[in-house]
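# Descriptive analysis of the structure
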Amino acid sequence: MLDVMTLRITLGIVSFVVLALFWAGVYRPTRSAFAGWWTVSLLWSTASPVLFLLDGTRWQAIANPLASGMAVCAAFSMWFATRSLRGRSSSIRVMALAAVVVTALAFLDSPATNTWAGNGLLFAVMSTCFGLGAWDMWVVWRDRRFRPDRRNDQEALVASFVSGVAASLLSAFYAVRAVLFVAWGPESPLFNAVAGSGTTTIVLQVCLVAVTFTVSALGYDQRTQELRRQVAHDDLTHVLGRSAWMDGARALVDNRVRSGDSVAIVVADIDHFKAINDSRGHAVGDAVLLAFGTAMADVLRRGEIAGRLGGEEFALALIGVDAEGARRRMDELNDRLTWLLRTDRLPATTVSYGVSHVRERDTVESVVERADAAMYRAKQAGRDTVVVDGADERPSASA
């Protein structure tokens, strides 16, 4: 059986090799936030076991607490990496504060003679960070499963699933370490057998090797998603462009019709938009378009998509709404638009909507055509209305 010192040396070497390969092979080519935070995590993960090697020497009193602080930084950096996949920001101050607290507690716990100084808190922090990272990965996995273009994301789906499993296991493992440490103490046979230094080092090495491929895939996927987003989205309004929206609507219709859920296509046109450009200038007109794009994005629910078809005409694909449900959603959209226009001191603007539900053997093009015709009937009826094709040709005034 390998001793703890040998295992720690092995962990340090493996971490360094993975760090070098990941930095050169993933972070440098992609510069993605996920790859950056994962590289930082690997850096801390390499430094921490190196300092733990000084246990038993005259430097133990300093090196041991610092190693614990670095382990905290490694766990937080891993969590920050998973947060970046959800577009969430991270606070370096929170990481620094946690590392300082764990390090300070270790310094106060006789680190010159106690190699487990402050480890109870350390294990709890590690469990929490891994748990939060696991939560992020499961959210990413769930959301990617419901995306209309998920058939293009199979590698990312597998990678997020594997990473979620690994982070969940590590969170549970460190939770067990914390409980055993507090209840039985680090010298107990139970703690050493289940969660001692040797066992922990082996678990960390296995997880590190297991997720190396998956985190590489996620690093490249994040950069690919950013490039796809730039290509697919309209530069002004930030919703999907016409081609990307049509592709997404086709995939959504294919997926949802098979599951039995209703899909409604909405075509929206901003009323009297030319008059806004002529009287207030194109800059104000662009601001109104941006406000409407923002309002659409704000009211979308999971799996739904919004896009700009061209000019002042937009489209949405809604899931699970009947005629009245579609009208309520457009009222919600109008309320949001009104608030944004008022907040940005832009001219009051109304919108005409045409709605058509997907029927058996429909193509997206045919549904859009019906929704577009319904929108023009709303224009003819006085604008600022919602007309649902085939449901009630009497337009419903939108709020």
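The structure reproduced in this document is the subject of the present report. (Residues numbered from 1 in each chain as written. Predicted model: local features only at pLDDT ≥ 70, side-chain atom pairs only at ≥ 80, totals over all residues. Heavy atoms only, no water.)

### Some details on the overall build of the protein chain
Counting secondary structure elements, the protein chain contains 13 helices and six strands. Within the span of the protein chain, comprising 399 residues, buried residues form 50% of the whole. Put simply, 70% of the contacts in the protein chain that link residues at least 6 apart link residues at least 24 apart. (Helix = DSSP H or I, 4+ residues; strand = E, 2+ residues; numbered from the N terminus. Buried < 20%, exposed > 50% of the residue type's maximum accessible area, 1.4 Å probe, protein only. Contact = heavy atoms within 4.5 Å.)

### A closer look at the pairing of strand 2 (residues 305-310)
Of all six residues in strand 2, five are buried; the element is thus mostly enclosed. As judged from the five bridges shared by strand 2 and strand 3 (residues 313-319), these two strands associate in the antiparallel manner. Pairing of arginine 308 across the sheet is with phenylalanine 314, part of strand 3. In this structure, the hairpin formed by strand 2 and strand 3 is closed by a connection of two residues, where glycine 311 is found at a positive phi of approximately 55°. (Pairing = 2+ DSSP bridges.)

### With respect to the nonpolar core
Ranked by size, the top nonpolar core spans 45 residues in total, and within it Val72, Phe76 and Phe123 carry the most contacts. In this structure, valine 72 is in contact with Ala98, Ala99, Val102, Leu122, Val125 and Met126, ignoring residues within four places of it in sequence. Counting residues in hydrophobic clusters, the runner-up holds 33 residues, among them Ala295, Ala323, Met330 and Val355. (Core = buried A, V, L, I, M, F, W, Y, C linked by side-chain atoms within 4.5 Å.)

### A short note on the side chain of aspartate 271
Within the secondary structure, aspartate 271 sits in the loop between strand 1 (263-270) and helix 10 (273-280). On the accessibility criterion, aspartate 271 (3% relative accessible area) is buried. When neighbours within four sequence positions are excluded, aspartate 271 is seen to be in contact with Thr349, Thr350, Val351, Ser352, Lys379, Arg383 and Asp384.

### Observations regarding the packing of helix 3 (residues 60-85) against helix 4 (residues 92-107)
Axis separation between helix 3 and helix 4 bottoms out at 8 Å; the angle between their running directions is 155°. In terms of axis orientation, helix 3 runs roughly antiparallel to helix 4. Handedness of the helix 3/helix 4 crossing: right-handed. Together, Ala61, Ile62, Pro65, Leu66, Ser68, Gly69, Val72, Cys73, Phe76, Ser77 and Phe80 of helix 3 and Val94, Met95, Ala98, Ala99, Val102, Thr103, Ala106 and Phe107 of helix 4 make up the contact between the two elements. (Axes fitted to C-alpha atoms, helices over the stretch in contact; angles between N-to-C directions. Parallel < 35°, antiparallel > 145°, perpendicular 65-115°, else oblique. Left-handed = near helix turned anticlockwise from the far one by under 90°.)

### So, the pattern of salt bridges
Between side chains of opposite charge, a pair can form as their charged atoms come close. By the definition in use, this model includes 17 salt bridges. Notably, a salt bridge pairs lysine 379 with aspartate 269, separated by 2.7 Å at the nearest N-O pair. Here aspartate 269 lies in strand 1 and lysine 379 lies in helix 13 (residues 364-380), a separation of 110 residues in the sequence. Exposure remark for lysine 379: the relative accessible area of 14% places this residue in the buried category. In this structure aspartate 269 comes out as buried when scored by relative accessible area, which is 10%. Among the charged side chains, a network of salt bridges with common partners joins Arg359, Asp362, Arg370, Arg377 and Asp389. (Salt bridge = Lys/Arg side-chain N within 4 Å of Asp/Glu carboxyl O.)

### Observations regarding unusual backbone geometry
Phi at histidine 272 is positive, roughly 50°, even though this residue is not glycine. You can see histidine 272 is positioned in the loop between strand 1 and helix 10. Positive phi outside glycine occurs at arginine 345, with the angle close to 55°. Summarising the element assignment, arginine 345 is placed in the loop between helix 12 (323-343) and strand 4 (351-357).

### Structural notes on helix 6 (residues 154-183)
Here helix 6 spans 43 Å end to end across 30 residues, near enough to the 44 Å set by a 1.5 Å rise per residue. Positive backbone phi, at 90°, marks glycine 185, one or two positions downstream of helix 6. (Expected span 1.5 Å × (residues − 1).)

### Some thoughts on the packing of aromatic side chains
In this description, a pair of aromatic rings is defined by centroid distance and the angle of the planes. On inspection of all chains with the given rule, the structure shows 17 aromatic pairs. Residues tryptophan 79 and phenylalanine 80 carry aromatic rings whose centres are separated by 5.6 Å and whose planes lie at 40° to one another, so their mutual orientation is tilted. Judged by its relative accessible area of 15%, tryptophan 79 falls in the buried class. (Phe/Tyr/Trp six-rings, centres within 6.5 Å; stacked < 30°, edge-to-face > 60°.)

### Re the packing of helix 4 against helix 5 (residues 119-145)
Relative orientation and spacing of two packed helices are given, respectively, by the angle between their axes and the distance between those axes. With their axes 9 Å apart at the nearest point, helix 4 and helix 5 run at an angle of 160° to one another. In this view, helix 4 runs roughly antiparallel relative to helix 5, as classed from their interaxial angle. For the crossing formed where helix 4 meets helix 5, the hand is left-handed. Counted together, Val101, Val102 and Leu105 of helix 4 and Leu121, Leu122 and Val125 of helix 5 form the full contact between these two elements. Here the contact of helix 4 with helix 5 is composed, by residue class, of six nonpolar, no polar and no charged. (Nonpolar A, V, L, I, M, F, W, Y, C, P; charged D, E, K, R; others polar.)

### Some details on the environment of alanine 178
Topologically, alanine 178 is positioned in helix 6. Note: C-alpha distance between alanine 178 and leucine 121 (57 residues apart in sequence) is 7.6 Å. Among residues more than four places away in sequence, those in contact with alanine 178 are Gly120, Phe123 and Ala124.

### What about the pairing of strand 4?
For strand 4, a buried count of six out of seven residues is recorded, marking the element as mostly surrounded by other parts of the structure. Looking at chain direction, strand 1 and strand 4 are connected through seven bridges and run antiparallel. If you follow alanine 264 over to strand 4, its bridge partner there is histidine 357. Taken together, the three bridges between strand 4 and strand 5 (residues 385-388) define a ladder with parallel strand orientation. Residue pairing across strands places valine 355 opposite valine 388, the latter belonging to strand 5.

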